[in-house]
Amino acid sequence: MPLIFVGGLIFGFGLGFSHMARPEVVLEFLQFTDFGLLFVMFGAAIVTGLAFAIVPRLRGRAPLTGDTYGRRLKSFDKNVLIGGSIFGVGWGLSGICPGAAYASLGIGNLTILWALAGMFVGAYLQGVWRSQQASAASMANAD
Amino acid sequence: MITESTIPLLTAELFPNGISRYAVGGLLVGLGAVVIYVGTGIAAGASTFLESTLSYVSDQSRFQRYRSSRDWRIVFTLGIIMGAMVYALTFQSGVLSSSLYQPGSTGEVFELGGFTFWLTDVQPWRLFLGGILVGIGTRIGKGCTSGHGVCGVGSASKTSIVGVMTFLAVAIGTAQIVVALGVSP
């Protein structure tokens with residue numbers, strides 16, 4: 001837990017330092033007036049890419065959890081496209097994404113609470129919907 | 001005729017705020033994810049926090065799958081908030097400065113206890129409505145800019161690369177439409 005906190009600290013500091021925690025800067029990127037955000041995303045992905053490639057070769061298991069090192073691989077289905085598109089509309093409208101929104105609160109942006117409230121409402125709505133789907137599916141199987 | 005000054009000029013147009021603050025910030029974002037990965041084997045994302053935290057207050061079956069990870073996800077999120085606050089108390093407040101750091105001019109700054117904090121000018125309805133869509137979309141789409149964009153792309157995951165291309169393209173289209181409609185800020 002302390003290590004996850006430290007990781008989060010560095011992560012959040014980076015989001016602040018890069019100004020990605022400011023929705024305006026994200027919108028400037030999406031509107032093609034400042035391409036700097038490319039360096040945030042690719043810079044971060046290069047660092048994780050190197051670690052994900054090298055660390056598993058150096059040691060077998062994570063010291064704190066005993067878990068084996070894996071990559072972040074999620075199965076592909078149409079949800080990735082549907083969800084990605086809905087997220088894209090939200091991101092393009094507001095300039096906020098989850099990590100940057102938490103960081104934005106840390107730099108004093110109280111207005112971002114609107115976005116955080118919205119994200120919880122959205123996550124809750126899809127949760128209720130998918131819970132109903134899941135129980136409908138299990139009912140169908142029981143028949 | 002192409003002169004030697006063309007390249008810096010082009011750079012100034014594409015990157016009006018320079019690139020160092022973005023590059024350094026991005027490396028730190030990646031480093032934060034790597035610290036967690038090396039210690040725990042977890043390739044972290046930020047959006048699952050929404051659902052895992054809802055499992056404390058809702059017994060919808062969908063949220064229960066995140067019970068086992070909900071505690072550390074709160075710690076991770078608090079870390080992100082505190083890390084950004086450390087940035088606010090140092091570089092944003094001007095207590096520390098670096099040639100790699102370039103302050104920005106968006107939004108509005110305010111002083112609190114001698115330190116500089118910052119507020120967005122983006123209108124609340126955009127943040128709230130956008131937030132709802134982000135909350136729905138990241139959860140259906142299995143990840144956000146950190147899960148898919150940082151850890152997934154770092155894993156060379158095809159799913160994540162397709163996910164990033166999808167939300168990036170749609171977000172660019174949306175942002176262009178919003179600005180074309182004259183919505184500002």
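Scroll up for the structure.
Please read these numbers as outputs of a predicted model, since none were measured by experiment.

Visitor: Sorry if this is basic, but what is going on with the overall build of chain B here?
Guide: Scanning chain B from N- to C-terminus turns up 8 helices and 2 strands. Ordered by position in the sequence, the α and β elements of chain B form the string α-α-α-α-α-β-β-α-α-α. Residues counted as buried form 52% of the 185 residues belonging to chain B. By sequence separation, contacts in chain B at least 24 residues apart represent 50% of the contacts at least 6 residues apart. Counting 10 positive and 8 negative side-chain charges, chain B places the centres of these two groups 18 Å from one another.

Visitor: I would appreciate a short explanation of the overall build of chain A in the present structure.
Guide: A tally of regular secondary structure across chain A gives 6 helices and 0 strands. Taking 15 Å as the expected radius of gyration for a compact globule of 143 residues, we find that chain A reaches 19 Å, considerably beyond that expectation. For chain A, the spread of C-alpha atoms along the principal axes amounts to about 55 × 45 × 30 Å. Within chain A, the proportion of its 143 residues that are buried is 53%. Restricting to contacts in chain A with at least 6 residues of sequence separation, those with at least 24 account for 42%. When the accessible surface of chain A is summed, it comes to about 6100 Å², and 69% of that surface belongs to carbon and sulfur atoms. Counting 9 positive and 6 negative side-chain charges, chain A places the centres of these two groups 13 Å from one another.

Visitor: What should I look at first to understand unusual backbone geometry in this one?
Guide: Trans peptide bonds make up the majority, and among non-glycine residues the majority have a negative phi. Between Ser184 of chain B and Pro185 of chain B the backbone carries a cis peptide bond, its omega angle lying at -5°. Topologically, Pro185 of chain B is positioned in the segment after α8 (158-180). Despite not being glycine, Phe32 of chain A has its phi angle at roughly 65°, a positive value. As for its placement among the helices and strands, Phe32 of chain A is situated in the loop between α2 (23-30) and α3 (37-58). Phi at Ala156 of chain B is positive, roughly 55°, even though this residue is not glycine. When you line up the elements, Ala156 of chain B lands in the loop between α7 (145-154) and α8.

Visitor: Teacher, can you tell me more about the interface of chain B and chain A here?
Guide: Interface extent is often summarised as the accessible area lost during association of the parts. The interface of chain B with chain A comprises 123 residues on the first partner and 106 residues on the second. Here chain B packs against chain A, burying approximately 10300 Å² in sum over the two surfaces, 74% of which is carbon and sulfur. Of all residues in chain B, Tyr22, Tyr37 and Lys142 of chain B bury the most surface against chain A, accounting for 7% of the area lost on that side. Two residues, Asp77 of chain A and Lys142 of chain B, come together in a salt bridge whose shortest N-O distance is 2.9 Å. At the junction of chain B and chain A, the tally comes to 41 residue pairs in polar contact (both at pLDDT 80 or more). Looking at the side of chain B that touches chain A, the element that brings in the most residues is helix α2 (residues 20-40) of chain B, giving 20 residues. Residues that form the side of chain B that touches chain A fall into these classes: 68 nonpolar, 46 polar and 9 charged.

Visitor: For this particular structure, what's the right way to read the state of the cysteines?
Guide: One way to say it: the disulfide is the covalent bond shared by the sulfur atoms of two cysteines. Throughout the structure, instances matching the rule amount to 0 disulfides over all chains. In this structure Cys97 of chain A is a free cysteine whose sulfur lies 6.3 Å from that of Cys144 of chain B, the closest cysteine sulfur available.

Visitor: For this particular structure, what's the right way to read helix α4 (residues 78-94) of chain A?
Guide: Helical geometry note: an α-helix holds 3.6 residues per turn, so side chains three or four residues apart project in the same direction. With 17 residues, α4 of chain A should reach 24 Å at 1.5 Å per residue; the first-to-last C-alpha distance of 24 Å fits that figure. Taken together, the buried positions of α4 of chain A are occupied by Val80, Gly83, Gly84, Phe87, Gly88, Gly90, Trp91, Gly92, Leu93 and Ser94 of chain A. Tucked inside the fold, the buried residues of α4 of chain A contact α2, α3 and α5 (98-106) of chain A together with α6 (124-140), α7 and α8 of chain B. Residue Asp77 of chain A occupies the N-cap position of α4 of chain A, its side-chain oxygen lying 2.9 Å from the main-chain nitrogen of Asn79 of chain A. Backbone geometry just downstream of α4 of chain A places Gly95 of chain A in the positive-phi region, at approximately 75°.

Visitor: Is there a simple way to think about the environment of Val47 of chain A in this case?
Guide: Within the secondary structure, Val47 of chain A is located in helix α3. On the accessibility criterion, Val47 of chain A (18% relative accessible area) is buried. Every residue in contact with Val47 of chain A, bar those within four places of it in the chain, is listed here: Leu27, Gly30, Leu31 and Val34 of chain B.

Visitor: It is not clear to me how the side chain of Arg126 of chain B should be interpreted in this structure. Could you clarify?
Guide: Relative to the helices and strands, Arg126 of chain B is located in helix α6. Lacking a salt bridge, the buried Arg126 of chain B has Glu24 of chain A as its closest oppositely charged neighbour, with an N-O distance of 8.6 Å. A polar side-chain atom of Arg126 of chain B sits 3.1 Å from the main-chain carbonyl oxygen of Pro185 of chain B. Those residues in contact with Arg126 of chain B that sit more than four places away from it in its chain are Leu27, Gly92, Leu93 and Ser94 of chain A together with Gly131, Val178, Val183, Ser184 and Pro185 of chain B.

Visitor: How should the pairing of strand β1 (residues 108-112) of chain B be read in this particular structure?
Guide: Looking along a regular strand, one sees side chains alternate from face to face of the sheet. Residues and elements named next belong to chain B. For β1, the tally of buried residues reaches only 0 of 5 residues, placing the bulk of the element at the surface. Here 5 bridges tie β1 to strand β2 (residues 115-119), and the two strands are oriented antiparallel to one another. For Glu108, the partnering residue across the bridge sits in β2 and is Leu119. Counting the residues in the hairpin turn of β1 and β2 gives 2 residues, including Gly113, whose phi is positive at 60°.

Calculation criteria
Positions within a chain are numbered from 1, following the residues in the order the chain's sequence is written. For this description, chains carry letters from A and ligands carry numbers from 1, given in the order in which they are written. Per-residue local features are limited, in this predicted model, to residues with pLDDT of at least 70; the limit for side-chain atom pairs, both in listing and counting, is 80 or more; totals at the level of whole chains, interfaces and linings are taken over all residues. Here the side-chain values reflect all heavy atoms present in the structure, with hydrogen atoms and water set aside. Comment: elements are numbered from the N terminus, with helices defined as DSSP H or I runs of at least four residues and strands as E runs of at least two. Buried residues are those whose accessible area, probed at 1.4 Å on protein chains only, stays under 20% of the maximum for their type, while exposed residues exceed 50% and partly exposed ones sit between those limits. In what follows, residue pairs with any heavy atoms lying within 4.5 Å of each other are defined as contacts. None of His or the chain ends enter the tally, which takes Lys and Arg as positive and Asp and Glu as negative. Taken as the charge location is NZ of Lys, CZ of Arg, CG of Asp or CD of Glu. Using C-alpha atoms as the atom set, the radius of gyration is obtained and then compared with a globule rule of 2.2 Å times the number of residues to the power 0.38. Areas reported here follow the Shrake-Rupley algorithm with a probe of radius 1.4 Å; residue values treat only the protein chains shown as occluding. Values labelled buried area give the accessible surface lost by two parts on being combined, using a 1.4 Å probe and summing over both. Should a side-chain nitrogen of Lys or Arg be within 4 Å of a carboxyl oxygen of Asp or Glu, the pair is scored as a salt bridge. Definition of a polar contact: a pair of N or O atoms within 3.5 Å, with one able to donate and the other able to accept a hydrogen when the atoms are protein atoms, and with sequence-neighbouring residues admitted only if both atoms are side-chain atoms. Following the grouping adopted for this structure description, the nonpolar residues are Ala, Val, Leu, Ile, Met, Phe, Trp, Tyr, Cys and Pro, the charged ones are Asp, Glu, Lys and Arg, and the polar ones are all others, Gly among them. By convention in this document, the label disulfide applies to cysteine sulfur atom pairs within 2.5 Å. Helix span, as expected, comes to 1.5 Å for every residue beyond the first. Two strands pair under a simple rule: DSSP has to find at least two bridges between them.

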